[in-house]
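Here's the letter readout for the chains.
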Amino acid sequence: MRYTISKKLYKGSNIMNGRIHSIESFGTVDGPGVRYVIFFQGCPMRCLYCHNPDTWPMTGGTEMTAVEIIEDFEKKRGFYKGGGITVTGGEPLVQIDFLIELFEEAKRHHIHTCIDTSGIVYKDENTELIRKLDRLMKITDLIMLDIKHIDPVKHIELTSQPNDGILAFAKYIEKRGVSVWIRHVVVPGITDDDKYLYDLGYFIGGLSNLKALDVLPYHTMGKTKYESLGMAYPLGDTPEMDKDILLEKKKVILKGIKARRKEIKNSTKQSLL
Ligand code: SF4
């Protein structure tokens, strides 16, 4: 069940508040097991297929503290055996200070933590951000990284933002040793070109922390949300992704992964000779 928090349960004078769009108390596709899914408010991307344009503004949402959220989780703790908390959005990393507080509180309660992110906030040269990320990675069990497009130009066309920081973030997570699931949405005519899917596979095949690949079909369920918000739907009449074709597209990504892994294996063998 997804719901918007309608009232503040608790507000401490010097305790940080996060801006929360909504909470889904029974998530089954956002990480292992049954998850308590927290949708953060705010996102700098503008993905053409976004289902949650109401999470874009950096203001709005309901202000909540980490303690309030974990207290709410604890009320239903019995549901979440083998699961935990997933933060998504919006883009959860735009509220990194609050996210650190939330995950520190979660870890005090021995809760599995997962971040579903586009990685868009990452910048190698931002030492302040890296310091915060280093702290966050120590209390993060899993990252679900959405790579929207491997090609830099097409990535900007699809999301309005470049992908160099996102790919650098993937390498950063690997260095920090945090497990990653890669997510990729296949949209007919936009992200279904075999060349780019292979290149995507080739890139993620180089990540030693890769634990899963989630290839998702584009669907049009977001249309009604745009209508209700009085917004034009960016993808117009783009058809939904056919499930059989999707399987073929996933095979192309897997082919890229295998090719990269084979290259890595061969180069390791050679360096041992
Ligand atoms: S990153 Fe997620 S929330 Fe942000 S625009 Fe893209 S799909 Fe929407």
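Residues numbered from 1 in each chain as written. Predicted model: local features only at pLDDT ≥ 70, side-chain atom pairs only at ≥ 80, totals over all residues. Heavy atoms only, no water.

K.L.:
In this structure, what is going on with the site of the ligand? I would like to understand it.
P.N.:
Taken together, Cys43, Met45, Arg46, Cys47, Cys50, Trp56, Gly90 and Lys148 make up all the residues around the ligand. Its residues placed into classes, the shell around the ligand shows five nonpolar, one polar and two charged. (Near = heavy atom within 4 Å. Nonpolar A, V, L, I, M, F, W, Y, C, P; charged D, E, K, R; others polar.)

K.L.:
Help me out: how do you make sense of unusual backbone geometry in this one?
P.N.:
A negative phi holds for most residues other than glycine; trans holds for most peptide bonds. The step from Gly89 to Gly90 runs through a cis peptide bond, and the omega angle for that step is 15°. Turning to its location among the elements, Gly90 is positioned in the loop between β5 (84-88) and α2 (96-108). The backbone phi angle of His110 is positive, close to 55°, even though this residue is not glycine. Along the chain, the position of His110 falls in the loop between α2 and β6 (112-117). (Helix = DSSP H or I, 4+ residues; strand = E, 2+ residues; numbered from the N terminus.)

K.L.:
Teacher, can you tell me more about the packing of aromatic side chains here?
P.N.:
According to the stated counting rule, one finds ten aromatic pairs in the structure shown. Seen from their ring centres, Phe26 and Phe79 are 5.7 Å apart, and the 85° between their planes marks the pair as edge-to-face. Here the residue Phe26 occupies a position in strand β2 (residues 18-27), and Phe79 occupies one in the loop between α1 (66-75) and β5, the gap between them amounting to 53 residues. Under the relative-accessibility criterion, Phe26 is labelled partly exposed at 41%. On the basis of relative accessible area, Phe79 is assigned to the partly exposed category, the value being 47%. Measuring from ring centre to ring centre gives 5.6 Å for Tyr36 and Phe73, while their planes differ by 85°; the resulting arrangement is edge-to-face. Of this pair, Tyr36 sits in strand β3 (residues 35-40) while Phe73 is found in helix α1, placing the two residues 37 residues apart along the sequence. For the pair shown, Tyr36 and Phe73 are each scored as buried. An aromatic cluster is defined as three or more aromatic residues linked by ring pairs; in this entry it consists of Phe26, Tyr36, Phe73, Phe79 and Tyr80. (Phe/Tyr/Trp six-rings, centres within 6.5 Å; stacked < 30°, edge-to-face > 60°. Buried < 20%, exposed > 50% of the residue type's maximum accessible area, 1.4 Å probe, protein only.)

K.L.:
Sorry, what's going on with the pattern of salt bridges here?
P.N.:
For side chains of opposite charge, pairing can occur when their charged atoms come near one another. Inspection of the entire model under this criterion finds 19 salt bridges. Between Glu63 and Arg19 there is a salt bridge, with the nearest N and O atoms lying 3.5 Å from each other. Remark: Arg19 occurs in strand β2 and Glu63 occurs in strand β4 (residues 62-64); sequence separation between them is 44 residues. Judged by relative accessible area, Glu63 falls into the partly exposed class, the value being 24%. For Asp30, the salt bridge identified is with Arg183, shortest N-O distance 3.7 Å. (Salt bridge = Lys/Arg side-chain N within 4 Å of Asp/Glu carboxyl O.)

K.L.:
Quick question: what am I supposed to make of the packing of helix α3 (residues 127-137) against helix α5 (residues 164-176) here?
P.N.:
How two helices sit against one another is set out by the angle between their axes and by the gap between those axes. As a packed pair, α3 and α5 sit with axes 11 Å apart at the nearest point and diverge in direction by 50°. Taken together, the axis directions place α3 and α5 in an arrangement best described as oblique. For the pair α3 and α5, the sense of crossing is right-handed. Contacts between α3 and α5 pair Ile130, Leu133, Asp134 and Met137 from the former with Phe169, Tyr172 and Arg176 from the latter. Partitioned by chemical class, the residues of the contact of α3 with α5 number five nonpolar, no polar and two charged. (Axes fitted to C-alpha atoms, helices over the stretch in contact; angles between N-to-C directions. Parallel < 35°, antiparallel > 145°, perpendicular 65-115°, else oblique. Left-handed = near helix turned anticlockwise from the far one by under 90°. Contact = heavy atoms within 4.5 Å.)

K.L.:
Can you walk me through the nonpolar core in this structure?
P.N.:
Most often, soluble globular proteins have nonpolar side chains that are buried together. By size, the foremost hydrophobic cluster in this structure holds 74 residues, and its most contacted members are Ile38, Leu102, Leu133, Leu136 and Ile204. Considering each element in turn, this core owes the most residues, seven residues, to α2. Leu102 has contacts with Ile38, Phe40, Ala66, Ile69, Ile70 and Val87, leaving out every residue within four places of it along the chain. (Core = buried A, V, L, I, M, F, W, Y, C linked by side-chain atoms within 4.5 Å.)

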